[in-house]
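Observations on the three-dimensional arrangement
For reference, the chains in residue letters:
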Amino acid sequence: MTAVEAQQWLVEKIAHRLGVAPGEVSPEVFFDELDLDSTEALILAGEMESWLGFELGTTTLWYHPTIKDLAAHIAEESSQRASA
């Protein structure tokens, strides 16, 4: 899993939830600025964990508050898990 792949997946899923084109979702906008309610965020997190095949920590979004930051973290986690 690369950061680019993770970022693309996140942008597409968030755009779908917001009802906008993927080009309208900036990877550098903070999650709390994206107009996702808590239910949508939980659903998205569950879909992401299913897609990745591993669970993200409960503080992951706190420490990685943008799509770009989270995508980089996902790529790093994936790499660590693949080499373990």
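Structure report, in brief.

Thresholds applied
- Residues numbered from 1 in each chain as written.
- Predicted model: local features only at pLDDT ≥ 70, side-chain atom pairs only at ≥ 80, totals over all residues.
- Heavy atoms only, no water.
- Helix = DSSP H or I, 4+ residues; strand = E, 2+ residues; numbered from the N terminus.
- Contact = heavy atoms within 4.5 Å.
- Expected span 1.5 Å × (residues − 1).
- Buried < 20%, exposed > 50% of the residue type's maximum accessible area, 1.4 Å probe, protein only.
- Arc of directions from axis to C-beta.

Comments concerning the environment of L10
- Structurally, the position occupied by L10 is in helix α1 (residues 3–18).
- Sequence-wise, L10 and L44 are 34 residues apart; in three dimensions their C-alpha atoms are separated by 8.8 Å.
- When neighbours within four sequence positions are excluded, L10 is seen to be in contact with M48, I67, L70, A71 and I74.

Quick notes on helix α2 (residues 38–52)
- An ideal rise of 1.5 Å per residue puts 21 Å on 15 residues; α2 measures up with 21 Å between its terminal C-alpha atoms.
- Within the span of α2, buried status applies to L44, M48 and L52. All buried residues of α2 lie within an arc of 65° about the axis, which places them on one face of the element. Every exposed residue of α2 that faces more than 90 degrees away from the buried side is listed here: L42 and S50.
- For α2, the elements touching its buried residues are α1 and α4 (67–83).

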